[in-house]
Amino acid sequence: MTRQANVVVIGAGIIGSSVAYHLADMGVEGVIVLDKGSLADSDGSTSHAPGGLRTLTVSKFFTKLGIASRQLYDQLPLAEPGQEQFFRTGLVQVASTAERFNSYKRIQEVGASLGVASDLLSPEQTAELIPLLDPSQIVGGMLSPTSGVIKTSLVATSMQRVAAATGRALFYDDTEVTDVLVDNGRVIGVRTANPEIDHVECPQVVLCNNIWAPVLASKAGINMPLFPGEHQYIFTTPVPALASRAEREVTMPLCTVDDISIYFRQHHERLGIGSYHHEARLVDPWAIPERAQLPFTPRDFDEAWDLMRKHLPDLDQVEVESGFNGMFAFTADHYPILGESPVKGLWSAVGAWLSYGSEVGKVMARWMTEGDPGMDVTVADINRFH
Ligand SMILES: Cc1cc2nc3c(=O)[nH]c(=O)nc-3n(C[C@H](O)[C@H](O)[C@H](O)COP(=O)(O)OP(=O)(O)OC[C@H]3O[C@@H](n4cnc5c(N)ncnc54)[C@H](O)[C@@H]3O)c2cc1C
């Protein structure tokens, strides 16, 4: 059946949900969001990302996106009554070297210039906030109090519900977009594999399908220089020292051990540990499985585990219970790919982290409706590649 829309959003992860939320909020009628999987437990990274919200980085661009995104995450209605979806715990970055600790001063300056608070910490102050850390292994830390942890799927669901409640946005699950239709350099619609809505005519399409974007974009003649990469995340068996604080899912700040490219957060009585401390594991965009996850490869995690045991002595009492190699999108310069492609009406909102999800959606909605993204997006503009 053919439908008409003003905007089709492809992908209902945190970015697609946010684009729809902000379009609806700005009064745009006729927004249709199509996702090839389930809406609540999507096939994408949003479904399994541990939710580290970073509101302060050395990049002014990302700091602006992060702090603005936090404002919405802070206000969204709960997707599931009684289930917390934003843990306002802060983020503690940990330095094992003096050079790293000094680099925090530069990040602080970026924050200060934008009114985003942070505090430098001694090893003892750091261990007060993260009691599992061995202070003798570190030089110091930095607290970003506005950072924290979000339940990414719940936040996406909440944005979908608010958008749907306006009556301006419709969401379809199990609806894979198989083609983007272009005529004379302009987008004119999409085709899908769902017979209920197999053709949508529309003047604007937004690619929010992240690691799957290069393939679909190529069908419209657009080169999308974004590559899927694997990223490991494991859960430990219960940590005895967390037993007394296990009632809430997260009570400790998110923590990054920056010199070894590893981070961790609490999951009730377990720890979740994410590692970039391995060889890059890139995935061919033309060979992505149905879900953005691959089986855990323990040998890539062995060294990370040994390094973490030095920082967290309690790990000697536990083991890796389960793990997975998640997947998300990387670009050559780490910036997302945002804006209107050389095909008129075909927009891109890919390569963005969940930390920046809300504001990326707002930037896109403003850009599409007012012709102005509302902030300087030069570093992330799709046209840097075309
Ligand atoms: C293990 C792990 C840890 C992470 N930790 C953090 C973190 O701490 N902080 C942070 O900021 N970021 C983190 N990230 C990154 C973050 O999760 C992603 O950047 C973010 O979720 C991307 O959201 P998205 O909506 O762009 O993409 P996705 O969530 O991947 O959504 C894309 C959607 O598009 C749909 N789709 C694909 N193709 C089609 C099609 N043809 N038709 C219809 N629908 C389609 C998919 O079903 C999917 O639902 C992490 C990622 C992983 C994997």
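Residues numbered from 1 in each chain as written. Predicted model: local features only at pLDDT ≥ 70, side-chain atom pairs only at ≥ 80, totals over all residues. Heavy atoms only, no water.

1. Concerning the nonpolar core
Here's step 1: Among the nonpolar cores identified, the biggest contains 45 residues, and Tyr73, Val206 and Met364 are the most heavily contacted of them.
Here's step 2: Those elements giving two or more residues to this core turn out to be strand 2 (7-10), helix 1 (14-25), strand 3 (31-34), helix 2 (60-75), helix 5 (152-165), strand 10 (169-172), strand 22 (346-350) and helix 8 (357-370).
Here's step 3: Sort the elements by how many residues they give to this core and helix 1 lands first, with seven residues.
Here's step 4: With sequence-adjacent residues up to four places away left out, valine 206 is seen in contact with Val7, Val8, Val9, Ile10, Val19, Trp347, Ala349, Met364 and Met368.
Here's step 5: One finds Ile10, Val187, Leu216 and Met224 within the second-largest nonpolar core, a separate group that totals 33 residues. (Core = buried A, V, L, I, M, F, W, Y, C linked by side-chain atoms within 4.5 Å. Buried < 20%, exposed > 50% of the residue type's maximum accessible area, 1.4 Å probe, protein only. Helix = DSSP H or I, 4+ residues; strand = E, 2+ residues; numbered from the N terminus. Contact = heavy atoms within 4.5 Å.)

2. With respect to the pattern of salt bridges
Here's step 1: The tally for this structure, following the rule as stated, stands at 18 salt bridges.
Here's step 2: Linking arginine 291 and aspartate 43 is a salt bridge whose minimum nitrogen-to-oxygen distance equals 3.6 Å. On the criterion of sequence distance, the pair formed by arginine 291 in the loop between strand 18 (270-275) and strand 19 (293-295) and aspartate 43 in the loop between strand 3 and strand 4 (52-53) is long-range, its members being 248 residues apart.
Here's step 3: By relative accessible area, which is 8% here, aspartate 43 ends up buried.
Here's step 4: Glutamate 269 is the partner of arginine 270 in a salt bridge, and the nearest nitrogen-oxygen pair spans 3.4 Å. (Salt bridge = Lys/Arg side-chain N within 4 Å of Asp/Glu carboxyl O.)

3. Regarding the site of the ligand
Here's step 1: Around the ligand, the structure places 35 residues, and the nearest of them are Asp35, Thr46, Gly52, Val177 and Ser355.
Here's step 2: At 2.9 Å, a backbone N or O of alanine 352 approaches an oxygen atom of the ligand.
Here's step 3: Against a free-state accessible area of 1,000 Å², the protein chains account for coverage of 98% of the ligand.
Here's step 4: Broken down by element, the residue count for the shell around the ligand peaks at four residues, all from strand 20 (residues 320-331).
Here's step 5: Partitioning the shell around the ligand into residue classes produces 17 nonpolar, 14 polar and four charged. (Near = heavy atom within 4 Å. Polar contact = N/O pair within 3.5 Å; in protein donor to acceptor, adjacent residues only side chain to side chain. Areas by Shrake-Rupley, 256 points an atom, 1.4 Å probe, with all protein chains shown as cover. Nonpolar A, V, L, I, M, F, W, Y, C, P; charged D, E, K, R; others polar.)

4. Things to note about the sheet that holds strand 6 (residues 91-95)
Here's step 1: Strand order in the open sheet formed by nine strands is 7-8-6-16-17-18-15-20-19, and the pairing between neighbours is mixed. At either margin of the open sheet sits one strand with a lone partner, and together these are strand 7 (119-121) and strand 19. Within the sheet, the average angular offset between the axes of one strand and its neighbour, ignoring direction, is 25°. (Pairing = 2+ DSSP bridges. Axes fitted to C-alpha atoms, helices over the stretch in contact; angles between N-to-C directions.)

5. Quick look at the domain arrangement of the protein chain
Here's step 1: Domains assigned within the protein chain are domain 1 (2-47 + 153-225 + 333-385) and domain 2 (88-148 + 227-331).
Here's step 2: Relative placement of domain 1 and domain 2: their C-alpha centres are 30 Å apart.
Here's step 3: Each partner contributes to the interface: domain 1 provides 21 residues, whereas domain 2 provides 14 residues.
Here's step 4: Here domain 1 is connected to domain 2 by two salt bridges.
Here's step 5: On the surface where domain 1 and domain 2 come into contact, there are nine residue pairs in polar contact (both at pLDDT 80 or more). (Domains from an automatic or database assignment.)

6. A closer look at the pairing of strand 14 (residues 204-207)
Here's step 1: Residue alternation in strand 14 divides its side chains into two sets, Gln204 and Val206 and Val205 and Leu207, and both sets are buried.
Here's step 2: The pairing of strand 14 with strand 22 spans three bridges and is classified as parallel. The residue bridging valine 205 from the neighbouring strand is leucine 346, located in strand 22.

7. Some remarks on the pairing of strand 21 (residues 337-340)
Here's step 1: Strand direction decides the pairing type here: strand 21 and strand 22, joined by four bridges, are antiparallel. Paired with glutamate 340 across the strands is tryptophan 347, a residue of strand 22.

8. So, unusual backbone geometry
Outside of glycine, negative phi angles account for most residues, and trans bonds account for most peptide bonds.
Here's step 1: Positive phi values are uncommon outside glycine, yet asparagine 210 reaches one of about 40°.
Here's step 2: Secondary-structure assignment places asparagine 210 in the loop between strand 14 and helix 6 (213-219).
Here's step 3: The class for asparagine 210 is buried, based on a relative accessible area of 17%.
Here's step 4: Backbone geometry at histidine 268 places phi at a positive 55°, although glycine is not the residue there.
Here's step 5: By the element assignment, histidine 268 lies in the loop between strand 17 (262-267) and strand 18.
Here's step 6: The class of histidine 268 is partly exposed, set by a relative accessible area of 30%.

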